[in-house]
Amino acid sequence: DYAPHWLPGIGPLAKGFQYHHDDPTAIVRISWYAYVSHVHLLCPLVAALIFLSSASRVQRLFWFWGAVFVHLFQTAHRWAHFRPDSLPGVVQSLQAAGVLL
C-alpha cells in the first residue's frame, strides 16, 4: 500500500495501514476487524459495481473469491507480525511449511 496520504478518501486509510511499517507490533495490538477495516470499506463499492453492471456469473465468482482471498491475505499478513507461539497450531504449521509468512 503505497498510496499517498494526501489523496482524498483513501489517504487516511493508507496512512492507517502503513503505520504498522513504523511500528510492526501495532498490527497485533488492534483487533482483526480494525486491521481489515480498509478492505471492508471497499467491499460494498465493489458489490454495488457488480450488481449495477451486467457482469457474467464467472465475473461475479471472480470478484467473490477475490474478496475472500483479500481477507485471507490480510489475515495472513497480520499473523506474520505475531509471535509464533501465540498463533494457532495450524497457522504455525502452514508458516513452517512455507505456505504462509
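Reading the values: rules and limits
- Starting from 1, residues in each chain are numbered consecutively following that chain's sequence as written.
- Reporting of local features is limited, given that this is a predicted model, to residues whose pLDDT is at least 70; pairs of side-chain atoms are given and counted only at 80 or more, and all residues count toward the totals for whole chains, interfaces and linings.
- Each side-chain value is derived from all of the structure's non-hydrogen atoms; neither hydrogens nor water enter the calculation.
- Secondary structure follows DSSP: runs of H or I at least 4 residues long count as helices, runs of E at least 2 residues long count as strands, and numbering of each begins at the N terminus.
- Here the globule rule reads 2.2 Å times residues to the power 0.38, and the radius of gyration is calculated from C-alpha atoms.
- Here the term buried applies to any residue with accessible area under 20% of the maximum for its type, exposed to any over 50%, and partly exposed to those in between, with areas from a 1.4 Å probe on protein chains only.
- Whether two residues are in contact is decided by their heavy atoms, any of which lying within 4.5 Å being enough.
- Salt bridges are counted wherever a side-chain nitrogen of Lys or Arg sits within 4 Å of a carboxyl oxygen of Asp or Glu.
- Two rings from Phe, Tyr or Trp (for Trp, the six-membered ring) form a pair when their centres sit within 6.5 Å of each other. Planes less than 30 degrees apart are called stacked, planes more than 60 degrees apart edge-to-face, and all others tilted.
- For the purpose of counting charges, residues Lys and Arg are taken to be positive, whereas Asp and Glu are taken to be negative. His and the chain ends are not included.
- Here a helix's expected span is defined as the number of its residues, less one, multiplied by 1.5 Å.
- What pLDDT expresses is the predictor's confidence in each residue, scored from 0 to 100.

### What about the overall build of the protein?
Within the protein, the secondary structure is distributed over 5 helices and 0 strands. Sequence-ordered secondary structure for the protein, helices as α and strands as β, is α-α-α-α-α. Here the protein has a C-alpha radius of gyration of 16 Å; the compact-globule value for 101 residues is 13 Å, and the former is much larger. With the principal axes as the frame, the protein shows a C-alpha extent of 45 × 35 × 20 Å. Each of the 101 residues in the protein was classed as buried or not, and the buried ones make up 25%. Long-range contacts, defined as pairs at least 24 residues apart, comprise 45% of the intrachain contacts of the protein with a sequence gap of at least 6.

### Some remarks on the pattern of salt bridges
Counted by the stated rule, this structure contains 2 salt bridges. With its nearest N and O atoms 2.7 Å apart, the salt bridge here joins D23 to R29. With a relative accessible area of 55%, R29 lands in the exposed category. Residues R83 and D85 are paired through a salt bridge, measuring 3.2 Å at the closest nitrogen-oxygen approach. With respect to class, R83 is no different from D85; both count as exposed.

### Structural notes on the packing of aromatic side chains
In total, this model carries 3 aromatic pairs according to the counting rule given. Relative to F69, the ring of W65 lies with its centre 6.2 Å away and its plane at 40°, an arrangement referred to as tilted. Pair noted here: W65 and F69 are both in helix α4 (residues 57-79), with a separation of 4 residues, about one helical turn. Aromatic rings pair up to connect F64, W65 and F69 into one cluster.

### Let's talk about the environment of W6
Within the secondary structure, W6 sits in the segment before α1 (11-22). Once the C-alpha coordinates of W6 and L94 are considered, the two residues, 88 residues apart in sequence, prove to be 38 Å apart.

### Some remarks on the side chain of R78
Along the chain, R78 turns up in helix α4. It turns out R78 is buried and unbridged, and the closest side chain with the opposite charge, D23, is 12 Å from it. Excluding its chain neighbours within four sequence positions, the residues that come into contact with R78 are I27, V28, I30, S31, W32 and Y35.

### Considering the environment of P4
Position of P4 among the secondary structure elements: in the segment before α1. Along the sequence, P4 and K15 sit 11 residues apart, while their C-alpha atoms lie 8.0 Å from each other.

### Things to note about α4
Every α-helical turn comprises 3.6 residues, leaving residues that sit three or four positions apart pointing alike. With 23 residues, α4 extends 33 Å between its outermost C-alpha atoms, agreeing within 8% with the 33 Å of an ideal straight helix rising 1.5 Å per residue. Regarding α4, the residues found buried are H71, Q74, T75, A76, H77 and R78.

### Topic: the confidence of the model for the protein
On average, residues of the protein score 82 in pLDDT, and 95% of them reach the 70 mark or higher. Averaged pLDDT values over the elements of the protein bottom out at 73 in α1 and peak at 93 in helix α5 (residues 89-96).

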